[in-house]
Amino acid sequence: MNVAIILAGGKGERFGGEVPKQFVVLHGHRVMDYAIKAFEQHPAIDQIIIVVPANWKSEIIAEYPQHTVVLGGNTRRESSYNGLIACPTNTDNVLFHDAARPFLDYDTIQRVIDGLKIASAVDTAIPATDTIIEVKESKITDMPIRDFLFQGQTPQGFHYDVIRKAHETISVETTDDIRLAMEMGIECISVAGSQFNFKITSSNDLYMAERVTQINARKTNKIPNFKGKKVLVFGGTGGIGSALVKRLIEDDAIVTSLGSEVDISQKSLPDNLNQEWDIIIHSAGLFIKKPFAELSVNEWDNVMSINFRSAFLVAQLAHKTMKEGGWLTFIGSSSSHRGRTSQSVYAASKAALNNLTQSLAAEFLDNHIRVNCINPPRTDTAMRHKAFPGENKNLLANPKNVAEDILRYCDGDETGHIVNLKYSHQFQASR
Ligand code: CTP
Ligand code: MG
């Protein structure tokens, strides 16, 4: 039996603020919730123990009735031990994880589990990329060879009896559990961690974490099934829109696809759209590529009203019709996070969509409407070919892949995400 122990008992003094960092909200979920979810989704994990400060215990028990919640101690070491003694008697392995590391992925958990087949103590680590120096009173006292230096992370996995004995016999103060096993003379091995699995320590790290949530983190997850779901797609005749509709129909979703027959630059939407939708996707957009100096105010208004003002009507429709909750998904653009030459109004309208998404996600939380914005990379569509004739097609994304990645966000709990899609074959593209 494998038990994951989530250490959420700290005060987060370096982070500061009223709420300990592991309970701070990151895109609609607590920092701690991400790691819990990663363990919940891994089939090798049989039980989850969450170690929390006393004043959070009742709230976390209410939220996670399926897991064991225990009190933390004054030090991380004490918190680990409290987790250990709460393990069931038939526990074979434990994996300790810092609640302040939200971006734990499936593969890292798997590497620790695999490591425990050949060793009784397994650390996760990434190579140090900076040169590490030892400094005492401003003087450099050592400069170890970087090739051998790694940064330790969590999870750290152990055979249960070994780590329990280490805790009960070794008396050093430590910031992690591997040190206890080392001190006991146990052979500890290291498996690859992940650059994204950093620990939120200071408030700057939260800023980084917000950016990381914008990367397509769900790539390895299965695409959900949309059978019987009522889906409304604005812009369903365009390149990405039609790929979305095709994929949804293959799944036996009940799809209403709208193209130019509904003019979303108007100030209202047709009344017949007032139906209960499970999913609304806004994929309609107008692309004008022109130097700013040549743009007319009408062109500006046109792009803004089709790409952005329409989002007001679409979001209102979602709010009005999704009585049982649902998914509102905007299709943005990679230019939204970097304005480009001759794309001023287009890039600006898409950037506005990104911020709107975050505001709506927070406002619609209680209505259970998840709002996400997916920014596709340059994609192999007719609109793209018209605007960029002669472009190397090998560097374009396939609309089918893009559609599938969009649909991952039309299901599940994720909300407030700005997802910047990019495929490995596109990384050599210029700009
Ligand atoms: N931790 C814990 N119990 C403690 C101290 C720390 O469970 N008494 C947990 C933290 O909640 C965190 C992880 O151990 O998830 C890593 O510790 P650290 O980053 O040092 O967190 P804090 O101790 O909370 O922060 P600080 O050291 O800045 O006060
Ligand atoms: Mg600490």
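Residues numbered from 1 in each chain as written. Chains lettered and ligands numbered in written order. Predicted model: local features only at pLDDT ≥ 70, side-chain atom pairs only at ≥ 80, totals over all residues. Heavy atoms only, no water.

### Digging into the overall build of the chain
Piece 1. Helix and strand counts for the chain come out as 12 helices and 17 strands.
Piece 2. Considering only C-alpha atoms, the chain reaches an extent of 75 × 50 × 40 Å along its principal axes.
Piece 3. The burial tally for the chain puts 51% of its 431 residues in the buried class.
Piece 4. Counting contacts in the chain only where the partners sit at least 6 residues apart, residues at least 24 apart contribute 73% of the total.
Piece 5. Only carbon and sulfur atoms are counted for the fraction: they give 51% of the accessible area of the chain, which is about 21100 Å². (Helix = DSSP H or I, 4+ residues; strand = E, 2+ residues; numbered from the N terminus. Buried < 20%, exposed > 50% of the residue type's maximum accessible area, 1.4 Å probe, protein only. Contact = heavy atoms within 4.5 Å. Areas by Shrake-Rupley, 256 points an atom, 1.4 Å probe, with all protein chains shown as cover.)

### Structural notes on the pattern of salt bridges
Piece 1. This model, assessed by the stated rule, comprises 16 salt bridges.
Piece 2. Between Glu 250 and Lys 246 there is a salt bridge, with its nearest N and O atoms 3.6 Å apart. Remark: Lys 246 and Glu 250 occur in helix α8 (residues 239-250); sequence separation between them is four residues, near one turn of the helix. Of the two residues, Glu 250 and Lys 246, neither departs from the other in class, the shared state being exposed.
Piece 3. The salt bridge involving Asp 405 is made with Arg 408; its shortest N-O contact spans 2.6 Å. For the pair Asp 405 and Arg 408, a shared accessibility class is recorded, and that class is buried.
Piece 4. Sharing partners across several salt bridges, the network here consists of Arg 76, Asp 98, Arg 101 and Asp 177. (Salt bridge = Lys/Arg side-chain N within 4 Å of Asp/Glu carboxyl O.)

### Topic: the domain arrangement of the chain
Piece 1. As far as domains go, the chain holds domain 1 (2-216) and domain 2 (230-428).
Piece 2. Computed from C-alpha atoms alone, the centre-to-centre distance between domain 1 and domain 2 is 38 Å.
Piece 3. Contact residues are listed per partner, giving seven residues for domain 1 and 12 residues for domain 2.
Piece 4. Buried surface at the junction of domain 1 and domain 2, both sides included, amounts to about 850 Å², of which 41% is carbon and sulfur.
Piece 5. Taken together, domain 1 and domain 2 are joined by zero salt bridges.
Piece 6. Between domain 1 and domain 2 we count one residue pair in polar contact (both at pLDDT 80 or more) in total.
Piece 7. Considered class by class, the residues forming the side of domain 1 that touches domain 2 number one nonpolar, five polar and one charged. (Domains from an automatic or database assignment. Buried area = accessible area lost by both parts, 1.4 Å probe. Polar contact = N/O pair within 3.5 Å; in protein donor to acceptor, adjacent residues only side chain to side chain. Nonpolar A, V, L, I, M, F, W, Y, C, P; charged D, E, K, R; others polar.)

### Here we look at the environment of Arg 247
Piece 1. Mapped onto the elements of the fold, Arg 247 is located in helix α8.
Piece 2. Distance from Arg 247 to Phe 308, taken between C-alpha atoms, is 25 Å for residues 61 residues apart in sequence.
Piece 3. Those residues in contact with Arg 247, other than ones at most four positions away along the chain, are Ile 223, Glu 404 and Leu 407.

### Focus on the site of ligand 1
Piece 1. The environment of ligand 1 is made up of 19 residues, and the closest members are Leu 7, Gly 9, Gly 12, Glu 13 and Ser 79.
Piece 2. Residue Thr 75 places a main-chain N or O atom 3.2 Å away from a nitrogen atom belonging to ligand 1.
Piece 3. Within the backbone of Ala 100, one N or O atom sits 3.3 Å away from an oxygen atom of ligand 1.
Piece 4. When ligand 1 is considered free in solution it has 560 Å² of accessible area, and contact with the protein chains removes 87% of it.
Piece 5. Looking at the shell around ligand 1 residue by residue, the class counts come to four nonpolar, eight polar and seven charged. (Near = heavy atom within 4 Å.)

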